[in-house]
Every structure is written in structure tokens, then in C-alpha cells.
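Observations on chain architecture
Spelled out, the chains give:
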Amino acid sequence: MIIKKMLCFSLISLVLGFGLFCSTADAAEDFVKLIGAGASFPAPLYNKWFKDYHGLHPNVQVDYQSVGSGSGIKNCINKTVDFAASDAGMKPEERAQCDGGVQLLPMTAGAIVLSYNLGGVPELKLPREAYAGIFLGKVTKWNDPLIAKANPDVKLPDSAINVVVRADSSGTTFVFSQHLAAISPEFARSPGVNTMPNWAVGTRSKGNEGITASLRTTPGSIGYVEYGYAKAQRLAIAALENKAGKFVKASMPSFQASLGAVEMPEDLMAWLPDPPGDDSYPIVTYTWLLCYKRYDDANKLKALKGVIEYGLTEGQKSSEQLGYIPLPAPVVAKVKDALNNIQGK
Amino acid sequence: MSETVTHESPDRVTQPPGDVIDLGKLEKSLRRPRTAFNFVMSGLTSLMTIMALVPLFSVVLMLLVRGGKRLSLSVFSELPPTAFEQGGGFGNAVVGTLVMVGLAALISVPFGVLGAVFLTEVGPKTRLAKVVRMCAKVLSGFPSILAGVFAYGAVVLITGGFSAVAGGIALSILMLPTIMLTAEEAISMVPSKMREAAVGMGATQAQTVWMVLLPTAFPGLLTGVMLAVARAAGETAPLLFTALFSNYWLTSGGRIDFMQPMASLAVLIYNFSAMPFDNQVELAWAAALVLVLLVLMVNLIGQSLSRKTME
Amino acid sequence: MSAVSESNVGTAASIARAPTFIEKYGNIVFRWATYLFAWLTVFLVLYIVYTITKQALPAISKHGWGFITGTTWDPNTRVYGVLPEIWGTMYSSLLALFIGSLFGLAVAIFLSEHYLAAFVFSLLKAVGLQFHPVWGKLPDQLERLFKNLIELLAAIPSVVYGLWGIFFIIPLIRPFCLAWHAKLGWIPIFGTTLSGPGMLPAAIVLSIMIMPTISAISLNALLAVPPKLREAAYGLGATRWESILAILLPTASKGIFGAIILAFGRALGETMALAMLVGNSNVISWSLFSPANTLAALLANNFAEAGPREIGVLMFAALILLGITVLVNMAGAFVLHRASVGQEGVR
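Helix and strand counts for chain B come out as 11 helices and 2 strands. Secondary structure elements of chain B occur, N-terminal to C-terminal, as α-α-α-α-α-α-α-α-α-β-β-α-α. Looking at chain B residue by residue over its 311 residues, the buried ones come to 59%. For chain B, restricting intrachain contacts to residue pairs at least 6 apart in sequence, the fraction spanning at least 24 positions comes to 73%. Surface exposure of chain B reaches about 12,500 Å², of which carbon and sulfur atoms provide 67%.

In C-alpha cells, the structure reads:
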């Protein structure tokens, strides 16, 4: 009995002692902790910013957890977080539910690419009708004339196209379906634009990592993933036909051309379902940070503004390495202006 | 082979003159159907048991191969790395899992055991007992994500933020049915003569339970608790809605704060396994290995405690 | 008893005596505490059901029965139906339960009959070490290690099982599935090809996840059978397996059945691993290789991004899952009641 009590006591004190021992000495009075949750798409970049910022300002701890854009918006409305993030912005009715108001700030942008697994075909050009048809289930073979005529000097096999789509609802799917709806009226009718559309075709895998795994293990497959993912995992990426009719490869210059082709409106909600321009890559999207318009805690306000400004300036330098598109200078200026809308008491 | 005993006619024994049955001639022969059946079933059971262990070794092997090289002491003292950062660890996640599972056990063990005592001792044949048993069984089929959603509504929205306490509560909802139902089985399997002996000596119900039933049923209780703890340690979905995650140690401004988001191994594995960066994926595997070892350690400690109470 | 108390007249009162005042009131407090926790359990479940129903009401009033019988899930046109998910949940859970119970029971019997200990003992006997102070303990220690290893299967996180299924199980069974489909495709359960995630990988991994529950609790049930029953069977000339099948399993059946019901509950509610392995397609098919969907996986995949309208629909699906759990448990209780009607007073 006594031994049992002693064992329990020593175990508990061990745990607590360990926790105390490992604490960094953040006993400063202006210690601030900010909590954010939301989209998983920008999570790696945000986490890098926050950790680097903590290194420069040890009294500020910012935590971000990816729970999905929808959950992020819910948490924003319920005021259980200090800031949220969303790939799909925030709808007007959602903004109305947030008392005190929300300020949307585009912090970075990314591209969605079509990756494929076709042995012996290192480069593939996909016209609009082809890839829209693939995801509608109309184009079913790799040597379909629509694909063949854009790739005259490539030997395309006479095998079925294995389409891979997302099993879970996600902002990435939302943006991709938005683009497909913009280029194909049939797609807009059904399945339509949604975080989880009723795809007519395709095996479903969970998450970007699931699609990557499926692509790797299924020959003749094609699927959509974030550019950062395809780049880090060295997947083969198809060149897509853009609005101007040119085939554009997925690369930073083409992404930046897309961002530059569309002007950022005053409310900072820019959508690019089909950007114009010869060099523009067709599927790009901004991603937004959702902040309240009023923060009662002066320390939190100062820390938040500091972190956001860091992200807009120093932080943009890490974007490219991680596969995100650095914001164009005019956009950065507009976002910095919008920061002034966030006030204290 | 001469068989002096046939099992069809056990009374007829042919033997040399004398009156002693030669025991050396009683043999177990595989040609007899009953023996053959016995042999086959034993072989089948052993084979199936070995097959049952294969997944465990396969999973542990996969974890070792993919994450073993990251398993070092630095992993316990460092914080999670970011995208292309090298090194890093998950010390805060280990502490977080211990704390939250500990909190969950603190809530669910007394709850479950006392509920089980009610079901077996205090009110076994009442209608309330039937309802409680049904409720516990319904809870056992509860998807883990719903426990998180419920705890979000019940704790996070009320306290206004994510916290380790909410995470502990969500986990305790998942642990409760296993503990209660296993404890009920364990206590009801104690031979009734022990119960009757205690009553015969003048023990009250409380004394019977505390001094006779619970110690005797302790191995069964421990099984239930260990199964529940093992499950709770590996659950991700409830924690995503309640305790979120943290990239820092569990202190806030120099003191331990349970009302802040807390890291956990399960959420770390969930996060990092979805990353395209090799460093983090390796850490996810190493974290899974650490989680399994942690539960094994808790199992062993529990069993050594159980042996001490039996002595 | 009177002889004992007379001889102990001088010492402190023997253990056998009436309860003191404190003990009597301690007992009352204890009884009230157990009543309290019993009621709390009921309130907890009712509160959970209430919270879920409240969120599901808009969806219930809008979709009604069509939700349960519909087969399309299209957020764009707002047509929702979960019949494929209900089918997938029942199919995967029953399949996993079948496989898991077989193996779990085999493990429990293996451990309760001490095959391993006997084997190691005979090995030691061959070397002459069976009574050695250190080596002699080996059989028991190996048995304990074995038991711990089986219980360790329960400690592996759900996410890791999902990843293991994707990286190991699916490539492993793919050639077999393709061969069976090619040769025996006319049998409905082999009707489609395995394109990756599907019912069979999900059921296999699920059965591995629930096996430790069944084996650990069944083992306790088997060990609790009084040894005299087994010895009586041996004394009458039964072989080992005859005594297991005719005496042990029936006596321990209540505990084993309880283990199976608990495991079934776990299988119904398993979220993460199935979300990765079941294929998430809204098809109803007998084929083991076709992708499917379960209610819990539907929740896991859609909850994060769900808007307010979709939350109602998801909560409705959760309510259906709870309903299925209740039905399954009621059926189990009924079966148990009928089976154990003649078994009162075994101990």
C-alpha cells in the first residue's frame, strides 16, 4: 500500500518536475502568448515565421495548429483563438457573425499542380479540355486525342487514367474546383465548387500526403496537390494550358506572373480562378489570416502586429524555399495599410 | 505396437496372468480421433497466436526503420522543428501526453470503478443498473471525433479557449466505458464465497469492496485501465478540438499552465506525418515509437504494482 | 467462531465484529458515491445525445428518412444520404469482429492454457535447468512478456495503423486480390478490383486494432474459471481441447461475450485509421475489394471544413451511429439473456 502510494507520488512529481525543468526562462512581465488555428495549407510557412519570430523576441510565443479553414472560421466566430487562417477567405454571413468585426489579411499565396505517375514520360502538357475532362470522367485514357495532340513527340500508353482526388474536405479542393468551374461550365453544374465536391470519378485519399502516396504506388495516376508538396517530394508536374492558350510550367516566375495579373481589391479578397496573361500559371490562390478588429490586451495587440509585419517583410524571404509565392510589393503595401484597422481598446 | 487397453471396452483388459494393469502400456496415440483433434486444435491455436503477433512486429519494425535513426535523447529535450530545419525533437509532446492522459485517468478511473461497484454490488438487479450498463456500452461505440466535439462545446466554449484540461476531459470520455465495463466483469468474477465470508465477519459493503473485492479483482481492473490508457494515448481527433497543439514547453511565463493548448504525441504524429519534409516525417515515426514504448512502460509499472499488492 | 472470540478475549477485538459508527456512516457515504457516479454516467450520455441532437435538428427536419435511405452525398446540390456509410460501418465492423474474435480467442486460450510456459519448461528440463533460481523463472516471465506484447497492439496510435495499412498491408494483399478477382470474380465478394484503399485492408487493420481488447478481457474470463472444473474434466478422461470446448468456454462465455461487445463498439467508432484505409467512396457493394465509407470516417473527413449547414448533417450521421450502437448492444444483451438463462449459480 505504502509502496504504491510512494510510487504514484514519485511518478507525479517526476512529471511535474520534468516539465518545470524544461521550461525556458520566460518569466518576463510582457510575456505574450498568441494562439491561432485554421487552414493546413500555409501551416508550414506560418510555423516557420512564428518560430523565427520567437527567436528574435523570446517573450512572444505564437502557436498555430492546422485544423482546416472551416474550423478556423468557427473558432474565430467563437473567439476561442486570437487569430485564424483560411484558404477561402470568409463569407459575408460569417463575417457578420463575428461581433467586433474581422480583418482579413492575405499573407501568402500558393499554387496547385497536377502531378502524375507515367513511367517514361518526364514532361506532359495538358490542354484545358483535357484536364477538365479527366476530372469529369470524360477523358479516360492517356492516349486520348485531346492529350496526344498537345504532346506530339511523347509516346502515350493506351492505358486507363487513374484519377486520385481528396477524401477529406479541404481548401485546396475548393480552389481547384473553383478553377475547374471557371474553365468548364459542365463542371460548374456538377460536381460544382466545393470543399468536398461529389467527384464523378477517382479513388479518394486523405490529405496531400495520401494523394502523394497513391500517386507513387499507382501507375498511370494523376492527382492535384499543393506545389510545396510536389516540389519537396519531387513529383512529376504537368504543364497546364492557361487562359492565353500557352502551356505554362509550374515555377515561381509563372506563379508571380499570375499574382501580378490580378489587382488586389480594397477588401483584400482577391480570387484568381483563371488569371490572364501569357506567363500566368492557371491555378493559384491567396491565403488569409483572420484577425479581430479589436484586441483588448495591449500586449497581445503589439505582439500580433509585430508578428504580422515580420511575416510581410522578413518572412516573405522563406516563402520560395517552402513552395509558397512571395507577395507582390503592391499587395504587401496594401496589407500593411490594412493593419491599421486593427485597434486596441 | 501392442495396445493392451482399448478405449471402446475399458473393462476388458487382456494381459498376462496377474492382476496389475501395466501403466506403461496406456499410450496417447495420434491415430485416435480425440487425440488427433486435440493435437490439431493445439497446433492451430499456436499458429494463430504467432500470426497475431506478426502485425505488432511489423508495425514496430516499420517504426524502427523509418524513425529509429532519430531516436536519441535529444528528441526528449528539444522542441518541434519547422520546415527545413534540421534536428529538433518532441519533448514537449511527451510531457503533454503524460499530463493529459494522467488527467484523463484521474477523472475516469474513480468514475469507472465506482460505477462498476454500483453495477455489481450496490444495485445489481435494479433498473438503473441496466440503464447504466446500456449507457456505458453506448459510450464505448462513441467515435473519438465526437468526444472532441462534445468537449469543445462543453469545456472550450465555456472557458473561452483551448486547454489541456479540455483535452483531459475529452480523453476521459473515451476511457470511461472500457474501465467501467472491464471493472464490472472483474469484480463480478470474484468468487461469491469471498464476498459471503466478508459479510459473515461483519464487514459493511464499503469494507467488502475496499478490502476484499477490489484487491482480488485488481489484475482485471488493471487490464481495463491499461487498455483505456493505451487507447487514450494514441487518440488524435479529440485533442484537435480541445487541446490543439503547442510548439513550446508547457510553462507560460514561468509557471505551469493547464488552461493553455498543450502538445501531445498523437497530434504531433498527425501533423508531421502529413508534411512533405523528410525531417518531420522521420520525427513522426520516432514519436510513434516513443508513444508505444511509453505505454509499454506504464503497463510494466502497473503490473509490478499489481504484483506488490498481491504479496 | 465462538471458540475464537473466547480465546482472544484479552487481545484487541478480532476482525469479526459488528461495524463501528464511522464504518457504518462511511458505508452510507460510499453507497451514495456509487449511486452518484452511476447517475452521472446516465446524465453524461443523455447530455451528449442532447447536444448532438440539438445540432442535428435542422438537418433532421430538412432531410428526414431520406437521409438514411439516400445514397448520394453532394454538398453542391445539398443532397445528403448515408446508406452507403451505414452499410460500410456494419460490413467493416462485423468482418473485423469475426476475424478479431477468432484470433483474440485463440490468443486468450493459448495464454490461459500456458502452452508457452510448458514448452519453455520442457526445453529447460532437457537442459536440466528447470529448477534453477534464475532460469527457472523464465517460463512465467516469457508468458508475461507475451501478454504485454499482445496488449501493446492496443497502444499503437490510430494514425500509425492507418499509415501502416497504406504502406504495408495494401501492397501486400494487392497481388492476392488481383488474382482472386481474376479467377473468382463471379463470386460477389471478389467482384471488383483493389484500386488501393478498400473494405478488406480496412477490415484487416480494424481487426488487429480490436484484437487486444478481446484477448485481454477473454483471458481474464478464462483465468477466472475455478481450476476444479478443469481438473474434474481431466479426471473424467477429457482431452485438453474437450475440456476447453465443453467446460471452459461455456463457463467463461459471459466474460468473452462482454469482450466481444466492447470490441464491436470500438470497431463501430474507429475514426482515423478507417478514414485513411476505407477509400471514402459512397458505394454499396458486397465486394471485399471495393472502396466504401463508414459513418465515423465521414465525420472525420468532413468535420474540419464543414460550414454550419453541413455540421447539422454530420451531427445527424453521428446520431445514426449512436443509434446503431444502441441497437447492436440491445441485440447483444438479448442474446446474452437467452443464452445464460440456465447458468445462474455456476459459482
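The next thing to look at is the interface of chain B and chain C. The partner chain C presents 90 residues to the 83 residues of chain B that form the contact. Buried surface at the junction of chain B and chain C, both sides included, amounts to about 8,000 Å², of which 76% is carbon and sulfur. The element that contributes the greatest number of residues to the side of chain B that touches chain C is helix H1 (residues 33–67) of chain B, accounting for 20 residues.

With that settled, the discussion passes to the packing of aromatic side chains. The final tally for this structure, using the stated rule, is 42 aromatic pairs over all chains. When the centroid spacing of 5.2 Å and the interplanar angle of 80 degrees are considered together, the rings of A:Phe255 and A:Tyr281 count as edge-to-face. Placement of the pair is A:Phe255 in helix H11 (residues 252–261) and A:Tyr281 in the loop between H11 and strand S12 (284–292), with a sequence separation of 26 residues. For the residue pair A:Phe255 and A:Tyr281, the accessibility class agrees, reading buried in each case. Just above the ring of C:Phe303 sits the side chain of A:Lys74; from NZ or CZ to the centre is 5.2 Å.

Our next topic: the side chain of C:Glu310. The topology assignment puts C:Glu310 in helix H13 (residues 308–339). With a relative accessible area of 8%, C:Glu310 lands in the buried category.

We now examine the sheet that holds strand S5 (residues 125–126) of chain A. Residues and elements named next belong to chain A. As summarised here, the arrangement of the 3 strands in space is S5-S10-S11, forming an open sheet in which the pairing is mixed. Whereas interior strands pair on both sides, the edge strands pair on one side only; in this sheet they are S5 and strand S11 (247–248). Summarising the sheet, S5 and strand S10 (residues 239–241) pair through 2 bridges and their orientation is parallel. Following the sheet pairing, Leu-126 is matched in S10 by Leu-240.

Let us now look at the packing of helix H5 (residues 128–136) of chain A against helix H7 (residues 171–183) of chain A. The description of two helices packed together rests on the angle between their axes and the distance between the axes. All names here are of chain A. Here H5 crosses H7 at 120 degrees, and the two axes come no closer than 10 Å. Relative to H7, the element H5 is oriented oblique. Considering only the axes of H5 and H7, their crossing is left-handed. Here Arg-128, Tyr-131, Ala-132 and Phe-135 of H5 come into contact with H7, specifically with Phe-176, His-179, Leu-180 and Ile-183. Residues of the contact of H5 with H7, tallied by class, amount to 6 nonpolar, 1 polar and 1 charged.

Before going further, it helps to spend a moment on the confidence of the model for chain A. The predicted coordinates ought not to be read in detail in places where the model reports low pLDDT. Summarising the model, chain A shows a mean pLDDT of 87, and 94% of its residues fall at 70 or more. Within the model, the stretch residues 22–27 of chain A combines pLDDT values under 50 with 11 contacts to residues more than four positions away or in other chains.

To continue, consider helix H8 (residues 199–223) of chain C. Residues and elements named next belong to chain C. Across its 25 residues, H8 extends 35 Å between first and last C-alpha, which sits within 8% of the 36 Å expected from 1.5 Å per residue. Of all the bends found along H8, the most pronounced is centred on Ile-210 and spans about 35 degrees, while Pro-212, a proline, follows it within four residues. A large share of H8 lies buried, amounting to 23 of its 25 residues.

Residues and elements named next belong to chain C. The grouping of Phe-21, Ile-22, Tyr-25, Ile-28 and Trp-32 at the surface amounts to a nonpolar patch, some 650 Å² of accessible area in total. Positionally, Phe-21 belongs in helix H2 (residues 21–63). With a relative accessible area of 61%, Phe-21 lands in the exposed category.

Let's shift gears to the pairing of strand S2 (residues 60–66) of chain A. Residues and elements named next belong to chain A. Of all 7 residues in S2, 7 are buried; the element is thus mostly enclosed. Of the pairings in the sheet, the one linking strand S1 (residues 32–38) to S2 comprises 7 bridges and is parallel in character. Among the inter-strand pairings, Lys-33 is bridged to a residue of S2, identified as Gln-61.

Residues and elements named next belong to chain A. Applying the stated rule across the entire model yields 24 salt bridges over all chains. Close ionic contact of Lys-138 with Glu-186 constitutes a salt bridge, the shortest N to O distance being 2.2 Å. Within this pair, whereas Lys-138 is found in the loop between H5 and helix H6 (145–148), its partner Glu-186 is found in helix H8 (residues 185–189), the two being separated by 48 residues in sequence. Residue Lys-138 is classed as exposed on the basis of its relative accessible area of 51%. Judged by relative accessible area, which is 33%, Glu-186 ranks as partly exposed. With its nearest N and O atoms 2.8 Å apart, the salt bridge here joins Asp-296 to Arg-294.

What follows deals with H7(A). All names here are of chain A. In this model H7 runs 19 Å from its N-terminal to its C-terminal C-alpha over 13 residues, within 8% of the 18 Å that 1.5 Å per residue would give. Burial analysis of H7 places 12 of its 13 residues in the buried class, the great majority of the element. When we look at burial in H7, the residues that qualify are Gly-171, Thr-172, Thr-173, Phe-174, Val-175, Phe-176, Ser-177, Gln-178, His-179, Leu-180, Ala-181 and Ile-183. At the N-terminal end of H7, a side-chain oxygen is found 3.2 Å from the backbone nitrogen of Thr-172, two or three residues along, and the residue is Ser-170.

Next up on the list: the confidence of the model for chain B. All names here are of chain B. The share of residues in chain B with pLDDT of 70 or more is 88%, and the mean pLDDT across the chain is 85. Within chain B, the lowest mean pLDDT, 62, falls on strand S1 (residues 251–252), and the highest, 93, falls on helix H3 (residues 91–122). Within the model, pLDDT remains below 50 along residues 1–6, and this stretch shows 9 contacts once partners closer than five positions in the same chain are excluded. Both scores are given for the predicted complex: the pTM is 0.85, the ipTM 0.84.

With that out of the way, let us pick up the pairing of strand S6 (residues 162–166) of chain A. Residues and elements named next belong to chain A. Where burial is concerned, most of S6 is hidden: 4 out of the 5 residues are buried. Note that S6 and strand S8 (residues 221–226) share 3 bridges and pair parallel. Looking at the pairing, Asn-162 lines up with Ser-221 of S8. With 3 bridges joining them, S6 and strand S7 (residues 203–205) adopt parallel strand pairing. Directly across from Arg-166, in S7, lies its bridge partner Ser-205.

A few words now on the environment of A:Ser170. Relative to the assigned elements, A:Ser170 resides in the loop between S6 and H7. Non-local contacts of A:Ser170, meaning those with residues more than four positions away in its chain, are made with A:Thr195 and C:Glu305.

Glancing now at the packing of helix H12 (residues 295–303) of chain C against H13(C). All names here are of chain C. As a packed pair, H12 and H13 sit with axes 10 Å apart at the nearest point and diverge in direction by 160 degrees. Of the possible angle classes, the one that applies to H12 and H13 is roughly antiparallel. The interaxial crossing formed by H12 with H13 has left-handed handedness. Residues Leu-295, Leu-298, Leu-299, Asn-302 and Phe-303 of H12 pack against Glu-310, Ile-311, Leu-314, Met-315, Ala-317, Ala-318, Ile-320, Leu-321 and Ile-324 of H13. When grouped by side-chain class, the residues that make up the contact of H12 with H13 number 12 nonpolar, 1 polar and 1 charged.

Each value, and the rule that gives it
- Residues numbered from 1 in each chain as written.
- Chains lettered and ligands numbered in written order.
- Predicted model: local features only at pLDDT ≥ 70, side-chain atom pairs only at ≥ 80, totals over all residues.
- Heavy atoms only, no water.
- Helix = DSSP H or I, 4+ residues; strand = E, 2+ residues; numbered from the N terminus.
- Buried < 20%, exposed > 50% of the residue type's maximum accessible area, 1.4 Å probe, protein only.
- Contact = heavy atoms within 4.5 Å.
- Areas by Shrake-Rupley, 256 points an atom, 1.4 Å probe, with all protein chains shown as cover.
- Buried area = accessible area lost by both parts, 1.4 Å probe.
- Phe/Tyr/Trp six-rings, centres within 6.5 Å; stacked < 30°, edge-to-face > 60°.
- Lys NZ or Arg CZ within 6 Å of the ring centre and 35° of its normal.
- Pairing = 2+ DSSP bridges.
- Axes fitted to C-alpha atoms, helices over the stretch in contact; angles between N-to-C directions.
- Parallel < 35°, antiparallel > 145°, perpendicular 65-115°, else oblique.
- Left-handed = near helix turned anticlockwise from the far one by under 90°.
- Nonpolar A, V, L, I, M, F, W, Y, C, P; charged D, E, K, R; others polar.
- pLDDT = per-residue confidence, 0-100.
- Expected span 1.5 Å × (residues − 1).
- Bend = angle between axes of the 7 residues up to and from the residue.
- Patch = residues over 30% accessible without salt bridge, like charges linked within 9 Å, V, L, I, M, F, W, Y side chains within 5 Å.
- Salt bridge = Lys/Arg side-chain N within 4 Å of Asp/Glu carboxyl O.
- Polar contact = N/O pair within 3.5 Å; in protein donor to acceptor, adjacent residues only side chain to side chain.

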